[in-house]
Amino acid sequence: MKNLEKILKALADKNRIRILKLLQTRKMCVCELAFVLEITQPSTSRHLKKLKTACLIGSEQEGFWTNYFLTKPNNPCCRVLIKKIHEWLKTDPVVKKDLGKAKKINRNKLCSR
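Residues numbered from 1 in each chain as written. Predicted model: local features only at pLDDT ≥ 70, side-chain atom pairs only at ≥ 80, totals over all residues. Heavy atoms only, no water.

A.B. asks: Break down the pattern of salt bridges for me, citing the residues and quoting the values.
C.D. replies: Using the criterion set out here, one finds seven salt bridges in the structure. A salt bridge links Arg26 to Glu32, with the shortest nitrogen-to-oxygen separation between them at 3.3 Å. Using a relative accessible area of 30% as the deciding quantity, one classes Arg26 as partly exposed. Salt-bridge contacts for Arg107 lead to Glu32; the nearest nitrogen and oxygen are separated by 3.0 Å. Taken together, the positions of Arg107 in helix H7 (residues 107–110) and Glu32 in helix H3 (residues 30–37) put the pair 75 residues apart, joining distant regions of the chain. (Salt bridge = Lys/Arg side-chain N within 4 Å of Asp/Glu carboxyl O. Buried < 20%, exposed > 50% of the residue type's maximum accessible area, 1.4 Å probe, protein only. Helix = DSSP H or I, 4+ residues; strand = E, 2+ residues; numbered from the N terminus.)

A.B. asks: Which residues make up the nonpolar core, and what values do they have?
C.D. replies: Counting 26 residues, the largest nonpolar core has Met28 and Leu56 as its most contacted members. Secondary-structure elements contributing two or more residues to this core are helix H1 (2–10), helix H2 (14–25), H3, helix H4 (41–53), helix H5 (76–88) and helix H6 (93–103). In this structure Met28 touches Leu22, Leu23, Leu33, Val36, Thr66, Asn67, Tyr68, Ala102, Ile105 and Arg107, once residues within four positions along its chain are discounted. (Core = buried A, V, L, I, M, F, W, Y, C linked by side-chain atoms within 4.5 Å. Contact = heavy atoms within 4.5 Å.)

A.B. asks: If you had to explain the state of the cysteines to someone new, which residues and values would you point to?
C.D. replies: Counted by the stated rule, this structure contains one disulfide. Residue Cys31 pairs covalently with Cys111 via a disulfide, S to S 1.9 Å. One disulfide, between Cys31 and Cys111, carries an S-S torsion of 85° and so falls in the right-handed class. In this pair, Cys31 sits in helix H3 while Cys111 sits in the segment after H7, placing the two residues 80 residues apart along the sequence. An identical accessibility class is assigned to Cys31 and Cys111; each is buried. Unpaired in this structure, Cys29 has its nearest cysteine sulfur neighbour in Cys31, at a distance of 3.1 Å. The class of Cys29 is buried, set by a relative accessible area of 2%. (Disulfide = S-S within 2.5 Å.)

A.B. asks: Lay out the packing of aromatic side chains with the relevant residues and their values.
C.D. replies: Scanning all chains against the criterion turns up one aromatic pair. Between Phe64 and Trp65 the ring centres are 5.7 Å apart and the planes differ by 80°, which places this aromatic pair in the edge-to-face class. Taking the relative accessible area as the measure of exposure, Phe64 reaches 64% and is therefore exposed. Using a relative accessible area of 17% as the deciding quantity, one classes Trp65 as buried. It is Lys27 that lies over the ring of Phe69; its NZ or CZ is 5.6 Å from the centre. For the cation-ring pair, Lys101 lies above Phe35, with the distance from its terminal atom to the ring centre recorded as 4.7 Å. (Phe/Tyr/Trp six-rings, centres within 6.5 Å; stacked < 30°, edge-to-face > 60°. Lys NZ or Arg CZ within 6 Å of the ring centre and 35° of its normal.)

Spatial relationships are all this shows, so hold off on functional conclusions.
Following this line, the structure appears as structure tokens:
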């Protein structure tokens, strides 16, 4: 029950849901996610921490960058919920815009500011 509560709290924010959709396509760093979401890097980092605490995402170091990626939740209810969220948002205009913007990112230029 406690794990499910953590997951639901992590999903109770539109930016965190947008992050999950973005990470569904590929691994991304904080600066890429912040750029797409049009929020600050510290705010993006706080969202990532909540998602990571709920075991919805993981991270790995790749040189200069910390890449974030989706994990497979242990809880079967959570797996169903995440799958449904991805299905429900396939046609969402905000998500479509985010995904289009993410495709055009040049990490080397963006993160070297």
